[in-house]
Amino acid sequence: MKTHMRVRRPAASGRRAGMTGQRVLKAEAAMIGGLALALFVWELPSLRREARIWRMAGGFRAGHRYP
C-alpha cells in the first residue's frame with residue numbers, strides 16, 4: 001500500500017514573499033514624484049507667460065500700484 005503525501009516546499013529563506021512596506025512606500029513616492037514632475041512640465045508654458053506679464057507690470061519695483 002502506497003501512501004502519497006504532499007511534499008512541503010520550504011518557506012522563503014529569510015525573506016517574505018511579496019512587497020515589504022518600505023518597497024511600497026518607495027513605489028508610491030516615485031509615482032507621486034512622477035506625477036508632480038508631469039504637472040510641472042504641463043504647466044511650464046503658463047508659468048512662463050505669467051512671469052512675463054509680471055515683469056511687464058513692473059515686478060518687485062511695482063510696489064502697490066497694481067492690486
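Residues numbered from 1 in each chain as written. Predicted model: local features only at pLDDT ≥ 70, side-chain atom pairs only at ≥ 80, totals over all residues. Heavy atoms only, no water.

Moving on, we come to the overall build of the chain. Across its full length, the chain carries one helix and zero strands. Of the roughly 7,400 Å² that the chain leaves accessible, carbon and sulfur atoms contribute 62%. (Helix = DSSP H or I, 4+ residues; strand = E, 2+ residues; numbered from the N terminus. Areas by Shrake-Rupley, 256 points an atom, 1.4 Å probe, with all protein chains shown as cover.)

As a further point, take helix H1 (residues 21–56). Its 36 residues place the ends of H1 50 Å apart at the C-alpha level, agreeing with the 52 Å of an ideal helix rising 1.5 Å per residue. In H1, a bend of some 50° at Leu 44 exceeds every other bend along the element, and Pro 45, a proline, comes one to four places later. Within H1, only zero of the 36 residues are buried, which leaves the element largely exposed. Two residues or fewer past H1, Gly 58 is found with a positive phi of approximately 120°. (Expected span 1.5 Å × (residues − 1). Bend = angle between axes of the 7 residues up to and from the residue. Buried < 20%, exposed > 50% of the residue type's maximum accessible area, 1.4 Å probe, protein only.)

A separate point is a nonpolar patch on the surface. Taken together, the side chains of Leu 37, Phe 40, Val 41, Leu 44 and Leu 47 make up a nonpolar region of the molecular surface, amounting to roughly 470 Å² of accessible area. Looking at the secondary structure, you find Leu 47 in helix H1. Here Leu 47 falls in the partly exposed class, since its relative accessible area comes to 45%. (Patch = residues over 30% accessible without salt bridge, like charges linked within 9 Å, V, L, I, M, F, W, Y side chains within 5 Å. Salt bridge = Lys/Arg side-chain N within 4 Å of Asp/Glu carboxyl O.)

The grouping of Arg 48, Arg 49, Arg 52 and Arg 55 at the surface amounts to a positive patch. With respect to the helices and strands, the residue Arg 55 is situated in helix H1. Note on Arg 55: relative accessible area 54%, which makes it exposed. (Lys, Arg positive; Asp, Glu negative; His and termini not counted. Charge placed at Lys NZ, Arg CZ, Asp CG, Glu CD.)

The values reported here are purely geometric and, on their own, carry no functional implication.
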